[in-house]
Amino acid sequence: MKNLRILLSLVCLIFFADMAHAQDRTRSHSIGIQINPYLDSHLFDGTFIKPVFAGRFTFRLNEHLSLGPEVSGYFIHWKPDQKDLNISDLNLGGFIRYSIMPASRINPFLELSPYYTFYHFKSATIQTQEGIGLEYHKAHISGYLSPGITLNSKNHKISLDLMYKFSNKNFVNESKSAFTYRLNFNF
């Protein structure tokens, strides 16, 4: 918990320090969002729904380098009985990105994101030696490395990030890599 407080304090410090000198820069910030169901066979056969979400605030330090805080995660719900099986994964952390051709409309980048994960599992029907039902929590440090491209609108107010993430822990697809996207609003 102490590590989490330190991480949140650093994020706040960066945010307020950057706001102090942000008036003279153009398009130096952005807000990125992702909200979608994970598309797999479980969604289409009606057994599970797995909403995936992410949100971030970006500070551009210079034309190639940017960083900021990020919140992401997913939920897994068993559709036949919403109270039976529920899994959640919440990631709190930050990211740093190096953009290769920042002025172009197609912009390759490399991104690194360390984060702290809070995982929760709960089932009312799983049988264990202690009885019926199972619930547990765990937390760990993880992150991802991601090459990708940003597709910018003509005026650079809106952009779409397409990336392939590699991690030391599994994503919602039960693999250590995943294709993902993010819609950004630049200001």
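Higher on the page you've got the structure.
Before going into details, it helps to say that this report is about the structure given with it. (Residues numbered from 1 in each chain as written. Predicted model: local features only at pLDDT ≥ 70, side-chain atom pairs only at ≥ 80, totals over all residues. Heavy atoms only, no water.)

**Focus on the environment of Ser 159**
So the rule is basically this: Runs of E in the DSSP output that reach at least two residues are strands. Runs of H or I that reach at least four are helices, and both are numbered from the N terminus. We call two residues in contact when some of their heavy atoms are within 4.5 Å. In the analysis that follows, any N or O atom pair within 3.5 Å is treated as a polar contact, provided that within protein one partner can donate a hydrogen and the other can accept it, and provided that, for residues neighboring in sequence, both atoms belong to side chains.
As for its placement among the helices and strands, Ser 159 is situated in strand S8 (residues 158–167). A C-alpha to C-alpha distance of 6.0 Å links Ser 159 and Leu 183, two positions 24 residues apart in sequence. Setting aside residues no more than four positions away along its own chain, Ser 159 makes contact with Thr 150, Leu 151, Asn 152, Arg 182, Leu 183, Asn 184 and Asn 186. Within polar-contact distance, the side chain of Ser 159 engages the side chain of Asn 186 at 3.5 Å.

**A look at the pairing of strand S1 (residues 29–37)**
Short version of the rule: We call two strands paired when DSSP finds no fewer than two bridges between them.
Judged from the nine bridges that link them, S1 and strand S3 (residues 51–60) form a sheet pairing that is antiparallel. Bridging across to S3, Ile 33 finds its partner in Gly 55. Bridge count for S1 against strand S9 (residues 177–186) is four bridges, and the pairing is antiparallel. Opposite Ile 31, over in S9, you have Phe 185 as the bridge partner.

**Focus on the packing of aromatic side chains**
Stated formally: Aromatic pairing here means that ring centres of Phe, Tyr or Trp (its six-membered ring) are within 6.5 Å. Orientation follows from the plane angle: under 30 degrees is stacked, over 60 is edge-to-face, and everything else is tilted. For every residue, the accessible area obtained with a 1.4 Å probe (protein chains only) is divided by the maximum for its type, and the residue is called buried under 20%, exposed over 50%, and partly exposed between those limits.
On inspection of all chains with the given rule, the structure shows eight aromatic pairs. Judged by centre distance (6.3 Å) and plane angle (50 degrees), the rings of Tyr 115 and Tyr 144 are tilted. In this pair, Tyr 115 is assigned in strand S6 (residues 106–128) and Tyr 144 in strand S7 (residues 131–152), connecting sequence segments 29 residues apart. The burial state of Tyr 115 is the same as that of Tyr 144; both residues are buried. Site record: aromatic cluster; members linked through ring pairs are Phe 57, Phe 59 and Phe 187.

**Remarks on a nonpolar patch on the surface**
Applied cut-off: For patch detection, residues must exceed 30% relative accessible area and be free of salt bridges, and they are connected within 9 Å for like charges or within 5 Å for nonpolar side chains (Val, Leu, Ile, Met, Phe, Trp, Tyr). Accessible surface area values rest on a Shrake-Rupley calculation with a 1.4 Å probe, where residue burial reflects the displayed protein chains alone. What makes a salt bridge here is a side-chain nitrogen of Lys or Arg within 4 Å of a carboxyl oxygen of Asp or Glu, nothing more.
Together, Ile 96, Leu 110, Leu 112, Leu 145, Tyr 164, Phe 166 and Phe 179 give the surface a local cluster of nonpolar side chains, amounting to about 660 Å² of exposed area. Elements with a minimum of two residues in the nonpolar patch: S6 and S8. Among the secondary structure elements, Leu 112 is positioned in strand S6.

**Thoughts on the pattern of salt bridges**
Where charged atoms from two side chains of opposite charge come close, those side chains can pair. Summed over all chains, the structure comprises five salt bridges. Note that Glu 111 is salt-bridged to Arg 56, the shortest N-O span being 2.7 Å. Residue Glu 111 is found in strand S6, and its partner Arg 56 is found in strand S3; the two are separated by 55 residues along the sequence. By the burial criterion, Glu 111 is buried, and Arg 56 matches it. Note that Glu 111 is salt-bridged to Arg 97, the shortest N-O span being 2.8 Å. Residue Glu 111 is found in strand S6, and its partner Arg 97 is found in strand S5 (residues 85–99); the two are separated by 14 residues along the sequence. Assessed through its relative accessible area of 9%, Arg 97 is described here as buried. Through salt bridges with shared partners, a single ionic network connects Arg 56, Glu 70, Arg 97, Glu 111, Asp 161 and Arg 182.

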